[in-house]
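# A structural walkthrough
One-letter residues, chain by chain:
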Amino acid sequence: MRLTRYFMPVLKEDPKEAQIVSHRLMLRAGMIKQQAAGIYSWLPLGFKVLNNIQRIVHEEQARAGHIAMLMPTLQSADLWRESGRYDDYGEEMLRIKDRHKRDLLYGPTNEEMVTDIFRSHVNSYKDLPLTLYHIQWKFRDEIRPRFGVMRGREFLMKDGYNFDLTRADALHAYNRHLVSYLRSYERMGLQAIPMRADGGPIGGDYTHEFLVLAETGESEVFYDSEITDLKFGDRQIDYDSVEQCQAVLEEFTSRYARTDETHDAALFEAIPEERRRTARGIEVGQIFYFGTKYSEAMGATVVGPDGSRTPVEMGSHGIGVSRLLGAIIEASHDDKGIIWPEGVTPFHVGIVNLKQGDASTDSACEALYREVKALGLDPLYDDRDERAGAKFATMDLIGLPWRITVGPRGLAANKVELTSRRTGQSVEMSPQEAVARLHEIYKPVQDAAL
Ligand code: ATP
Ligand code: MG
């Protein structure tokens, strides 16, 4: 993309309404525009990152054997009356009446609808296991929408639902989700720690929240510092293997890590003092096993191997797709702006022409632009007629992890500069070397999708 042809309305001044850094930087970088409290337009740069996050989620769900579909945002109130949640959900549910005075709602989640789909089409245990998911806009009429996309009213969520014959199978689905989430967050450049969460009215131990440590997080968290040394990395997991998925769950959940909702002071004190940590965290996902709560209420049964009908075992599993942009920025920025991890960056590299209109720098930039694209990467070429300082400030603000700077003096010696946004380090090299270096940097990111 050429910056002169792009739409990226960056702001010079800090917007007053933003209380936290991610909200401020998303507004300043021209990624979002608020349209009403907790409701945003996704401007091109923000939309690109949102799509990158969705792509990673889709790829990792496919790897785990989960099946993508799409359910609507508007739902019929009658479905929610079957589960009893239409009355229980309270003021967070946006209720709508259509012209025929029928009650609709803007879905805050989809357990009822997916259970309805299941009961309409699945009859036998032979069709199990089955996990269906979608990435769809949700609406929750939060009492205090704030912090930009972190706590919106309209927000994008990946929500998946597993259907299994037995409790053991459903727990395997739970573990499979845990594994796939660990991999997904790491690909986004995040460490998201699974923490034992509150089972709420359903009870039980089978729910974990994934938290990204950040000072601005809304949850208070308590953990054993050893947990932050764990990395999922690029290990190959057979998602059908009960043992392998169980082993990952045990590895990542056996150390103390809880939110204030489930915190147990006595257990926490049992950790050696130097490893005890209290911090704040952002919830970027949650997985849940809830058994037959919805299948019993809504008559979602299958014929088992013995010929009798049993309610299907279920769980639900969510990722806060739009919230993740805020969480990533909270975890990765400096005083100049955002620092995107390579896995989600809106453009892979910024090309800065220090002397726009100069025949040699222009043609060197055009050549770099073409060669970077030929690698399957997406460059942003700053072809504005602007001072170097202004171009650098824009690149730093929008946080592209790599920048190639092309100036007449360097070019005379066949040199450009490759700069890392994270370290600020610049290295001089030939344009060909810069392209080769980008190829090396992004190869693992491209391979992670395979
Ligand atoms: P919270 O406790 O933060 O209100 P939740 O526990 O009610 O969230 P879930 O039902 O677990 O949310 O939804 C799955 C994921 O969706 C959450 O982990 C979070 O990342 C995201 N999410 C929930 N509410 C919002 C919101 N208002 N704005 C943006 N993302 C949200
Ligand atoms: Mg939650």
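Residues numbered from 1 in each chain as written. Chains lettered and ligands numbered in written order. Predicted model: local features only at pLDDT ≥ 70, side-chain atom pairs only at ≥ 80, totals over all residues. Heavy atoms only, no water.

An unreviewed UniProt entry lists the protein chain under the name Proline--tRNA ligase, from Paracoccus shanxieyensis. The annotation that UniProt attaches to the protein chain under Sequence similarities (unreviewed entry) is "Belongs to the class-II aminoacyl-tRNA synthetase family. ProS type 2 subfamily." Recorded in UniProt under Subunit (unreviewed entry), the annotation for the protein chain is "Homodimer." (UniProt positions renumbered as here; feature names shortened; annotations may be inferred.)

What follows is about the overall build of the protein chain. If you tally the helices and strands in the protein chain, you get 14 helices and 23 strands. For the protein chain, whose C-alpha radius of gyration is 24 Å, the value lies close to the compact-globule estimate of 22 Å for 450 residues. Principal axes of the C-alpha set define a box for the protein chain whose edges measure 80 × 60 × 45 Å. Long-range contacts, defined as pairs at least 24 residues apart, comprise 71% of the intrachain contacts of the protein chain with a sequence gap of at least 6. Counting every atom, the protein chain has about 20000 Å² of accessible surface; 49% of that belongs to carbon and sulfur. Where the 56 positive side-chain charges of the protein chain centre and where its 68 negative ones centre are 5 Å apart. (Helix = DSSP H or I, 4+ residues; strand = E, 2+ residues; numbered from the N terminus. Rg over C-alpha atoms; globule rule 2.2 N^0.38 Å. Contact = heavy atoms within 4.5 Å. Areas by Shrake-Rupley, 256 points an atom, 1.4 Å probe, with all protein chains shown as cover. Lys, Arg positive; Asp, Glu negative; His and termini not counted. Charge placed at Lys NZ, Arg CZ, Asp CG, Glu CD.)

Summarising the sheet, strand E1 (residues 32-36) and strand E2 (residues 39-42) pair through 4 bridges and their orientation is antiparallel. Paired with Gln 34 across the two strands is Tyr 40, which belongs to E2. Connecting E1 to the next strand, E2, in antiparallel fashion are 2 residues, including Gly 38 with a positive phi near 70 degrees. (Pairing = 2+ DSSP bridges.)

Attention now goes to unusual backbone geometry. A cis amide bond links Leu 128 with the next residue in sequence, Pro 129, at an omega value of 0 degrees. Turning to its location among the elements, Pro 129 is positioned in the loop between helix H5 (111-121) and strand E7 (130-139). The phi dihedral of Phe 147 falls on the positive side, at around 60 degrees, and the residue is not glycine. Positionally, Phe 147 belongs in the loop between E7 and strand E8 (154-164). Under the relative-accessibility criterion, Phe 147 is labelled buried at 12%. (Buried < 20%, exposed > 50% of the residue type's maximum accessible area, 1.4 Å probe, protein only.)

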